[in-house]
Structures are given as structure tokens and as C-alpha cells.
Amino acid sequence: YRDNDKLISLTTDALVNIGPEAVGQLIAIVDQCRWTSTLLTAVEAIGRLGPEVAEVAPYLVQRFDKYTWTEGSNIVLRLSASLYSMGSGAFPALIEGLVDDSWEVRAGCASVLARFGSQVPSSAIPALAELTLDTSDDCRAAAARALGSMGSTAAPAASALVELLSDDDTWSEALRALEAIGSPAIGPIRTGISHDDVRVRCACGQLLWMIEENPEGMPQTKEGLTLDRERRLSALSVLASMGPAAASAKSELRDVLANPRVWEEERMLAAETLESIGEPAARELAVGLADDSNDVRRVAERSLRRMGASALPALVEFMALSDDSWAIEKAGAIIDEIKKDERTAAVILTQLATKGIPDADDH
């Protein structure tokens, strides 16, 4: 019935109520149906029969290859949900599907295993690790997600995931997977710190902090600020989480903040990170006063005000060197507010004047 969803639903409900012995009729509907709505309802009905019909899991696995495979499409979601509802009984078919000739089947099976998380048997790890080398980016991404969902159990695949960090299409999935594996992955991550590929090095530097809050990988993390936008955002996010520990990256953060060619989101993260570093980053943060973005300027102004008299040297130097009259006016307004503590301001401004910084005596 093409146009009667209610009748289709009632029919499949009746078959589900009959129980596992009706699975053959539901499979026949899937095989013979030409209408998407009926097909989706029948696939969902098979899943409602649950673990008792796990013997048909190989049939559903092969359906991934029959339809146009787009991750997140309705049919893929229904097939995945039905296989998941079969529980551990579906594992043999799913693991076997990881080495199927069809990339759609391989990707579909890895995606379903990712839903099971720590329940996935360790026997799936070798095939999932091999799948990180697949020619299909959908397969590589699904494999990384599945391994990450397994947590520390997937540690034997950590080296494969480290190599996947060089993949421009799926590196972020590998990064999240290694973070999820955690401390058991530290050995391969430390090895990756000296990898020939800068993309692997910078990701491994970030992972040392993400897993252990170890700043040892700071030089490699900073390398990420010179790469593509997504990797820059990742490095900036990790630096932002470090707080004062990111002080050694303040020069690189200033370069990001001063670069009008990078996205506003990146400059915002750079400003927020410099703010979290505090007083040692005052000179670098002052650059943000001339930014085109209201949000970036607001972060810079707020932070410099909070620093108080300790920000005066940076503000005076900025005013002396800048040719942006509007930004100079902003810096002057911040100085005026800080000068309410007149004794402290007088001492610092006098010191600046004696060093020959232009206009310091006027301020």
C-alpha cells in the first residue's frame, strides 16, 4: 500500500505481535517492496523482534550494500537501529561485515558496532584497526568511532589511530578515539610526538594534555597553529583549556590574533586563551584592541582592565606603535580607568617615560 501509512503500520504491528516466526514475511516485504515508507517500516519491524531474530542479522548487514549509502540517511539509520536491537547476537555478522567486499557494508557494520561501545568483543579490534587504512573515508571514520566507543579496551589499535591523525578527512575522529582510549594509548602517542608528519605531531602534542594534562607536547601543539583551519581550531581549543600553562605559546597566539585572514572564531579563541594566561600575555592581548570583531575587542578590553596597573606597559607600547586611531582611543580609555589607582600608575608611567617610549610622559 503505497499511500496508506496507517494500514502499513497496522500490518507490520500485526506481524510483530505474531512474533519471531513472522520474520520471514517481514523479510519478504523488504525484498519485494518498491516504496520507501513501507521498506523503512518493515526494517524497523524486524528490529522490534529483537534478539530472538538475531539469525537474520547477516541479511540486514547485506542490505547496506543494496541501497544508496549515505551515513545518516533514513534507511541506514533504520538498518543500524534494527541490528543494534538484536544485541550481542548480531556481533558475528557485524564483525564479518568489516571485511566485506562492499565498502557500504564495511562502513555500516563499523557504525553499528560504534553504538555498542564497550560491549563490542575484543575480537573486532584487528578488523577495525585494519579498517582505518580503508580507501573509503566513511569506513575509516566509522572504524575510528567504533574503536573510540570501546574505550581503553581498544588500546591495541592505538598505533593505527595515531597514523590516522595524518588523514585530512578523518583525523578528528582518530583524535577523539585516542582521547577516549586514554592512558593506555599514551605509549603510541608519545611515539607520535616525533612523527615525520607535522599533522601527527601536533595532534599527539594535544593528546598529551587532553589525557594527562602534560604540557610536554607544547612545541608540537603550537605547530598546529600553522596548519589548516580545523587543525588550528583544535590546537587553539586545547591551548584555551591550559590556562596559564599556555604562556609559552603567547607569541604564536598573538600571530593568530593579528592575522585578519583567519576566521573570527579562531581569533576569538586566541584572545580568550591570552586572557586565561593573564598578565604575562598583556602585550600580546593588546593586539586585539584593533580587531575588526566586536567580540574579540570585548575580550581584549575586559582582560586588560582586569589586569590593572600591570597592563599599563603593554597599553602604552601599543598606543606608541599603533596607527589605528580608534584602537588607540580604546587603549587610552582603559588607561584612564586604570589610573584611578594614581600612585601605582604614576610609578609605572614614569618608568616607561624614562625608557624613551613615545608619548608615555603625556599619559
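Report on the accompanying structure. (Residues numbered from 1 in each chain as written. Predicted model: local features only at pLDDT ≥ 70, side-chain atom pairs only at ≥ 80, totals over all residues. Heavy atoms only, no water.)

## What about the overall build of the protein chain?
Which entries qualify depends on this criterion: Put simply, DSSP H or I for four residues or longer makes a helix, DSSP E for two residues or longer makes a strand, and each gets a number counted from the N terminus. Categorising residues by exposure relies on relative accessible area from a 1.4 Å probe, with only protein chains included: less than 20% of the type maximum marks a residue as buried, more than 50% marks it as exposed, and the intermediate range marks it as partly exposed. Should any heavy atoms of two residues lie within 4.5 Å, those residues are considered in contact. A 1.4 Å probe and the Shrake-Rupley method give the accessible areas. Residues count as covered only by the protein chains that appear here. Positive charges are assigned to Lys and Arg, negative charges to Asp and Glu, while His and the chain termini are left out of the count. We put the charge of a Lys on NZ, of an Arg on CZ, of an Asp on CG and of a Glu on CD.
Helices and strands together make up the secondary structure of the protein chain, namely 22 helices and 0 strands. For the protein chain, the C-alpha atoms occupy an extent of roughly 95 × 50 × 30 Å along the three principal directions. Taken across its 363 residues, the protein chain has 54% of its residues classed as buried. Sequence-distant contacts in the protein chain: of pairs separated by 6 or more residues, those separated by 24 or more amount to 63%. Counting every atom, the protein chain has about 16600 Å² of accessible surface; 48% of that belongs to carbon and sulfur. Between the mean site of the 34 positive side-chain charges and the mean site of the 56 negative ones, the protein chain shows a separation of 3 Å.

## Focus: helix α4 (residues 57-66)
Taken as a whole, α4 has its buried residues at Ala57, Tyr59, Leu60, Val61, Arg63 and Phe64. Packing partners of the buried residues in α4 comprise α2 (23-32), α3 (36-48), α5 (74-85), α6 (91-97) and α7 (103-116).

## Examining the packing of aromatic side chains
This is how it is decided: Two rings from Phe, Tyr or Trp (for Trp, the six-membered ring) form a pair when their centres are within 6.5 Å of each other. A pair whose planes differ by under 30 degrees is stacked, one over 60 is edge-to-face, and the rest are tilted.
On inspection of all chains with the given rule, the structure shows 2 aromatic pairs. With a centroid separation of 4.7 Å and 50° between ring planes, the pair formed by Tyr84 and Phe116 is classed as tilted. A residue pair is termed long-range when its members are at least 10 positions apart, and Tyr84 in helix α5 and Phe116 in helix α7 qualify at 32 residues. Since its relative accessible area comes to 31%, Tyr84 is described here as partly exposed. Summarising the aromatic geometry, the rings of Phe91 and Phe116 are spaced 4.8 Å apart at their centres and angled 70° between planes, so their arrangement reads as edge-to-face. Of the two residues, Phe91 is situated in helix α6 and Phe116 in helix α7; the sequence distance between them amounts to 25 residues. A single burial state applies to Phe91 and to Phe116, both of which are buried.

## A look at helix α16 (residues 250-257)
What counts here: By construction, the arc corresponds to the directions joining the helix axis to the C-beta atoms.
Among the residues of α16, those classed as buried are Leu253, Val256 and Leu257. Buried residues of α16 fall within an arc of 100° about the axis and therefore sit on the same side. Taken together, the buried residues of α16 touch α15 (229-242), α17 (264-277), α18 (282-286) and α19 (294-307).

## Some remarks on the nonpolar core
Soluble, globular proteins show a tendency: their nonpolar side chains are buried together. Our working definition: Nonpolar cores were defined as sets of buried Ala, Val, Leu, Ile, Met, Phe, Trp, Tyr and Cys residues, with membership established by side-chain atoms within 4.5 Å.
Among the nonpolar cores identified, the biggest contains 79 residues, and Met86, Leu94 and Leu165 are the most heavily contacted of them. Ranked by the residues each element gives to this core, the list is headed by α7, at 8 residues. In this view, Leu94 contacts Val61, Leu83, Cys109, Val112, Leu113 and Phe116; residues no more than four positions away in its chain are not counted. Ranked by size, the runner-up nonpolar core spans 47 residues in total, among them Leu239, Met268, Met307 and Val316.

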